[in-house]
Amino acid sequence: MSTELSKSYVPQTAQSHWYPQWQRLGIYRSQPSAKTPYSILMPPPNVTGILHFGHILNLTLQDLYIRWHRLKGAEACWFPGIDHAGIATQTKVEQELRKEGQTRHDLGREAFIDRVWEWKGKYGGIIQEQQRQLGVSCDWDRSLFTMDDHASQAVRDVFIRLFDDGLIYRGKRIINWSPVAMSALSDEEVIYKEVHEEIYTLRYHLEDGSGTLLVATVRPETIFADVAVAVNPKDERYRHLLGKNVIVPISGQAVPIIADDHADPEFGTGCVKVTPAHDPNDYEIGIRHGLPMPQCIEPDATLNALAGAFAGLDRFVARRKVVKALEEAELIEKAEKYSHNVGFSERGGEPVEPYLSDQWFVKMAPLAEPALKVVQDQQIRFYPEHWVKTYEHWMTNIRDWCISRQLWWGHRIPVYYTEDGRFTAARDEAHAREKLGLAADVAVHQDPDVLDTWFSSWLWPLTTMGWAGPESGKQKAESGKQRSDLDYYLPTDLLVTGPDIIFFWVARMIMATLRFDGRMPFKDVYFTSILRDGRGRKLSKSLGNSPDPLDVIEKYGADAVRFTMIYLAPLGSDVRLDIDEATQDIPSMEIGRNFANKVWNACRFLQMKRSEIGEGGSLVTFEPSTADRWIESRYNTAVATASAALDDYKITEYARTLYDFIWRDFCDWYVEIVKVQFADQTDAGYRTALLDHAFRIIEGTLTLLHPVMPFLSEELWHGLYGYGEDQSISVRSAPVVDPTRIDAEVESHFDLLQSVVETLRRQRAEMGIPPGKRLPVHLSAPADLVPFLESQRAVVSSLARVDELVIGTGLSKPPASVADVVRGIETFLVVEGAVDLDKEKERLEKEHDRLTKAIAGVQKKLSNEGFMKGAKPDVVEAEQKKLADWTDAKEKIERNLATL
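The structure presented is a predicted model; accordingly, all values stated were derived computationally and were not measured.

Here is what the cut-offs are and how they apply
Residues numbered from 1 in each chain as written. Predicted model: local features only at pLDDT ≥ 70, side-chain atom pairs only at ≥ 80, totals over all residues. Heavy atoms only, no water. Helix = DSSP H or I, 4+ residues; strand = E, 2+ residues; numbered from the N terminus. Buried < 20%, exposed > 50% of the residue type's maximum accessible area, 1.4 Å probe, protein only. Contact = heavy atoms within 4.5 Å. Areas by Shrake-Rupley, 256 points an atom, 1.4 Å probe, with all protein chains shown as cover. 1 Å grid on protein atoms, 1.4 Å probe; cavity = no way out; pocket = protein on both sides within 12 Å on 5 of 7 lines; lining within 4 Å. Points joined across faces, edges and corners; volume = space filled by probe spheres on them. Nonpolar A, V, L, I, M, F, W, Y, C, P; charged D, E, K, R; others polar. Phe/Tyr/Trp six-rings, centres within 6.5 Å; stacked < 30°, edge-to-face > 60°. Lys NZ or Arg CZ within 6 Å of the ring centre and 35° of its normal. Pairing = 2+ DSSP bridges. Axes fitted to C-alpha atoms, helices over the stretch in contact; angles between N-to-C directions. Parallel < 35°, antiparallel > 145°, perpendicular 65-115°, else oblique. Left-handed = near helix turned anticlockwise from the far one by under 90°. Arc of directions from axis to C-beta. Polar contact = N/O pair within 3.5 Å; in protein donor to acceptor, adjacent residues only side chain to side chain. Right-handed = clockwise from strand over helix to strand, strands pointing away. Expected span 1.5 Å × (residues − 1). Salt bridge = Lys/Arg side-chain N within 4 Å of Asp/Glu carboxyl O.

## Quick look at the overall build of the protein chain
Within the protein chain, the secondary structure is distributed over 30 helices and 29 strands. With the C-alpha coordinates aligned to their principal axes, the bounding extent of the protein chain is approximately 105 × 75 × 55 Å. Relative to its 900 residues, the protein chain shows a buried fraction of 54%. Counting only contacts in the protein chain whose residues sit at least 6 apart along the sequence, the fraction spanning at least 24 positions is 78%. Per element, the accessible surface of the protein chain, about 39,400 Å² overall, is 49% carbon and sulfur.

## Regarding empty space enclosed by the protein
Under the definition given, this model contains 3 cavities of 30 Å³ or more. The computed volume of the largest cavity comes to approximately 50 Å³. Lining the largest cavity are His84, Gly86, Ile87, Ala184, Glu189, Arg405, Leu407, Trp409, Val450, Leu451, Asp452 and Thr453. Breaking the lining of the largest cavity down by element, the ones donating at least two residues are α3 (86–99) and β21 (450–451). Broken down by class, the residue content of the lining of the largest cavity amounts to 6 nonpolar, 3 polar and 3 charged.

## Thoughts on the packing of aromatic side chains
Each pair of aromatic rings is reported with the distance of its centres and the angle of its planes. In this structure the tally under the stated criterion is 44 aromatic pairs. Connected via pairs of aromatic rings, a cluster forms that spans Phe159, Phe163, Trp360, Trp401, Tyr417, Phe423, Phe455 and Trp458. The residue whose ring lies beneath Lys120 is Phe145, and the NZ or CZ to ring-centre distance is 4.4 Å. Over the face of the ring belonging to Trp669 we find Arg761, whose NZ or CZ atom lies 5.3 Å from the ring centre.

## Digging into the pairing of strand β9 (residues 228–231)
Going residue by residue along β9, you find Ala228 and Ala230 tucked away on one face and Val229 and Val231 tucked away on the opposite face as well. Sheet topology note: the β9/strand β11 (residues 254–259) ladder contains 3 bridges and is parallel. Across the sheet, residue Ala230 finds its bridge partner in β11, namely Ile258.

## Quick look at the side chain of Thr701
Looking at the secondary structure, you find Thr701 in helix α23 (residues 684–705). In this structure Thr701 comes out as buried when scored by relative accessible area, which is 2%.

## Points about the packing of helix α2 (residues 53–71) against helix α21 (residues 626–647)
Each pair of packed helices gets described by two things: the angle between the helix axes and the distance between those axes. The geometry of α2 relative to α21 is characterised by a closest axis approach of 12 Å and an angle of 120° between their N-to-C directions. On the basis of their axis angle, the class for α2 and α21 is oblique. You can see that α2 and α21 cross each other, and the crossing is left-handed. Counted together, Leu64, Tyr65 and Trp68 of α2 and Ser643, Ala645 and Leu646 of α21 form the full contact between these two elements.

## So, helix α8 (residues 280–289)
Inspection of α8 places Asp282, Tyr283, Ile285 and Gly286 among the buried residues, and these make up the whole buried set. Taken end-on, α8 shows its buried residues confined to a sector of 160°, consistent with a single buried face. In this fold, the buried residues of α8 make contact with β5 (168–178), β11, β12 (272–274) and β14 (353–362). Put simply, Asp279 is the residue that caps the front of α8, since its side-chain oxygen is 2.9 Å from the backbone nitrogen of Asn281. Gly290, located one to two residues past α8, shows a positive phi value of around 65°.

## Looking at the sheet that holds β14
Strand order in the open sheet made by the 4 strands is β6-β5-β14-β16, with antiparallel pairing throughout. The sheet is open, and its two edges are formed by β6 (183–185) and β16 (401–402), each paired on a single side. Across 3 bridges, the pairing between β5 and β6 is antiparallel. Pairing of Trp177 across the sheet is with Ala184, part of β6.

## Observations regarding the pairing of strand β2 (residues 75–79)
β2 sits mainly inside the fold: 5 of its 5 residues count as buried. Burial along β2 is two-sided: the residues Glu75, Cys77 and Phe79 and Ala76 and Trp78 are all buried. Bridge count between strand β1 (residues 37–41) and β2: 5 bridges; the pairing is parallel. Residue pairing across strands places Ile40 opposite Trp78, the latter belonging to β2. In this region the chain leaves β1, passes through α2 and returns to the parallel neighbour β2; the handedness of that crossover is right-handed.

## A closer look at helix α24 (residues 710–721)
With 12 residues, α24 ought to run about 16 Å at 1.5 Å a step, and its terminal C-alpha atoms sit 16 Å apart, in line with that. Counting buried residues in α24 gives 11 out of 12 residues, a clear majority hidden from the surface. When we look at burial in α24, the residues that qualify are Pro710, Phe711, Leu712, Ser713, Glu714, Leu716, Trp717, His718, Gly719, Leu720 and Tyr721. Considering only its buried residues, α24 is in contact with α1 (11–25), α2, α6 (126–134), α19 (558–567), α20 (590–613) and α23. The first or second residue beyond α24 is Gly722, which carries a positive phi of 70°.

## Here we look at the side chain of Thr497
Turning to its location among the elements, Thr497 is positioned in strand β22 (residues 492–497). The residues touching Thr497, leaving out its near neighbours within four places in the chain, are Asn58, Trp505, Val506, Val525, Tyr526, Phe527 and Thr528.

## Examining the environment of Ser137
For Ser137, the location among the structural elements is in the loop between α6 and β4 (144–145). Along the chain, Ser137 and Phe527 lie 390 residues apart, while their C-alpha atoms are 21 Å from each other. Discounting chain neighbours no more than four positions away, the residues touching Ser137 are Tyr28, Asp63, Ile66, Arg67, Arg70 and Trp78.

## Notes on the sheet that holds strand β20 (residues 444–446)
The strand order β19-β18-β20 describes an open sheet built from 3 strands, whose pairing is antiparallel. Sheet topology places β19 (423–425) and β20 at the edges, where each strand pairs with a single neighbour. Across the sheet, the mean angle separating the axes of adjacent strands is 25° when strand polarity is ignored. When strand β18 (residues 415–418) meets β19, the two strands line up antiparallel, connected through 3 bridges. For Tyr417, the partnering residue across the bridge sits in β19 and is Phe423. In this fold helix α7 (residues 149–164) packs onto β18 and β19, with an angle of close to 125° to the strand it touches most, β19. Contacts from helix α12 (residues 429–436) reach β18, β19 and β20 within the one sheet, and its direction differs from that of β19 by about 120°.

## Topic: the environment of Tyr38
Inspection of the secondary structure assignment puts Tyr38 in strand β1. Setting aside residues up to four positions removed in sequence, Tyr38 forms contacts with Tyr65, Ile66, His69, Ala74, Glu75, Ala76, Cys77, Asp493 and Leu494.

## Concerning the packing of helix α10 (residues 365–376) against helix α11 (residues 387–396)
Axis separation between α10 and α11 bottoms out at 10 Å; the angle between their running directions is 160°. One way to sum up the angle between α10 and α11 is to call them roughly antiparallel. By crossing handedness, the relation of α10 to α11 is classed as left-handed. Between α10 and α11, the contacting residues are Ala368, Ala371, Leu372, Val375 and Gln376 on the first element and Val388, Tyr391, Glu392, Met395 and Thr396 on the second. Residue classes in the contact of α10 with α11 are distributed as 7 nonpolar, 2 polar and 1 charged.

## Focus: the pattern of salt bridges
Using the criterion set out here, one finds 59 salt bridges in the structure. The partner of Lys172 in a salt bridge is Asp358, and the shortest N-O contact between them spans 3.7 Å. On the criterion of sequence distance, the pair formed by Lys172 in strand β5 and Asp358 in strand β14 is long-range, its members being 186 residues apart. For Asp226, the salt bridge is made with Lys273, and the minimal N-O distance between the two is 2.8 Å. Highlighted residues: Asp226 in the loop between β8 (212–217) and β9 and Lys273 in strand β12, separated in sequence by 47 residues. Each member of the pair, Asp226 as well as Lys273, is classed as buried.

## Side note on unusual backbone geometry
Tyr383 connects to Pro384 through a cis peptide bond whose omega is -5°. Here Pro384 lies in the loop between β15 (381–383) and α11. Geometrically, the link from Leu490 to Pro491 is a cis peptide bond, its omega value of 0° lying close to zero. Here Pro491 shows up in the loop between α16 (484–489) and β22.

These figures capture arrangement, not role.
Okay, structure coming up:
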């Protein structure tokens, strides 16, 4: 027995009912089986994270594919998890401590780490609860935290293996340094912003007094660590000065003039101050020329003793005082306004300091070579494909990876030191003594730093499947145990992620999985689009154009949000969302909500018709009408098109195929024709057979719709067909195309019928005919089409509001009628008595004149070069829209005048 559908769809009711039900049934749990596996790795959100619209698109895409392949009969497994997010989490907890008047140093390392675990227990599950609001169908029993025991063991053992293989080393490098966190930062933790400041051209006098070099810098506070001035070797202006010394302003040290290609003869004076310890480009110059690398800035961003009288000052305070001293010494040639990009810490918000320090590094070149090959050979495919070029460029110019962070929260670096400076990577102190050949009573101490968060994330394809490191894998193999999850699910089928972490995560996962397992981590990588508002700006909390997705889900429903995001996200193109910043609403979501309501209303109509006829009827066989055969053909075409679109990751095409079939074909046409057929046939048996046909079509359609709108489809599937609570559309079979049901001739005929009805509807609308008024219509058609049109007389009469329909060949235009031609059929809408033709013609001519003048005005404005250069993009876009709308209106009027 079906359940009566409510008058309108209430998404919150469906969501609150079905998600717990799915979890109770355990239908999203997965274990290796005889089925073909299909698996996806969920990019682990930070434990500190909250849901944003980037997550919404990413999660919807993954859920779409995991649900689709589950319907196709695969053993579908979506691996979820959470990242411990070293610096982000430590920052959160330190902020709490500051409110209590404490620092982590007051607590000590162990107590602080206990405090972080306590924080994680309280807040760490928030984002996973938020993910559930979207309806994600992952296997929550498999959720992994990157600090879980086996994952931590894997991180430790991988470090040891790479250390022993000579691929991890300790060395000095310029790194991103956070003076607030007092730690190195990864590149993805640095946000670049345009900064407006001054560039100072300083006077560096030649040591021999023969002249002066003019050198530009935005960081005069670093002159105390200058070790050279570089000029381009091809710059004729300075070639005769190579090898001479200049005196650094204020600081007073003599430094050489050297030749290096980094110096750009076209920028400034062509002379560059070289400060290797405080600039990454200068560091490379220093390496090439074997220069010393003194530091004048401390880890807390204050100047040190090398700065003399300026020691102890914050770097920006020091800059002002140094500039003043330079001015007093007449060592500034000029100061100019200058705009450039500066890196800021994503967490602390302060400008990042390029800093030379001892850090741990991974040699990347040996790991990069095989990881590049599998992408170039298309063993791993990128969508869109153009990201392959970006990947190739980075992998062929790869730099060693700085993996150490000066934090307490995270995987502590498993390196142990002796008092005399020897060290090794080891599982614990005993293992370290064993590797170093030390007695049991010799003291060793562990490195205080932790590993970059990405060092655990690059093992994600392995640790999600229970892998605990290279040693554990070896032990299991020796004991005869099978790594069943790895053997069954790896390589996973799809990774969905943003292109901004193609290097930090995607490339490194490929490297690590190939290195330690010998297989690829995944087959396909789908790079999501950038989300932008109506003005083309990236969604950002700071811009006020990034609403809380949970508020949007509450207003529109999860399925509406999911469908809209997919509908607006073509592969490789940015997603534009219409956002109301004042109300933090996203009116674009009306697309999904209106579509959900359309589907609901169509299903409710069918259910009501079913209840009208009750049981019984005398009809034995059902002879489908042209409309019945047409909808079955269109359904099978839709299944074929949507399935192919999903195979090719053309998700927008999938969504639009569903939208067009359900909204236009099924709801706007077939449902309306069912009403006509119901009116013409009173036999209960015929009506039952007709509805059975419609119900078969809609059940397959709901299954096809389920991956993107799971709650709606589940609710309707149960409501229409009366399935039990222990059943779910999630585990039904995906619709399969029946090529024998695709009838091109029927579709062509019906397309003609639609064109005729739409033409008559348009004519009525343009003439202002009230919807309820029926008018005579004459159709003059070629002889071969007359029988088809006669068979559709009831349909045309009903849908086009016709009271007398004349169909024939070579018909003359009736008096007081408007005419049109559609695919060889002349349509005549008789408007006598409904419209005063003379007055209508006069009205149209006046409106035509008004629009002509208005169009000329807009065209003049848009052809004005001054306007186009000075106007804001949204103003120009508004004017262009006016032109398009008014031109369209004018063409409609001209068409109406022609028929009069």
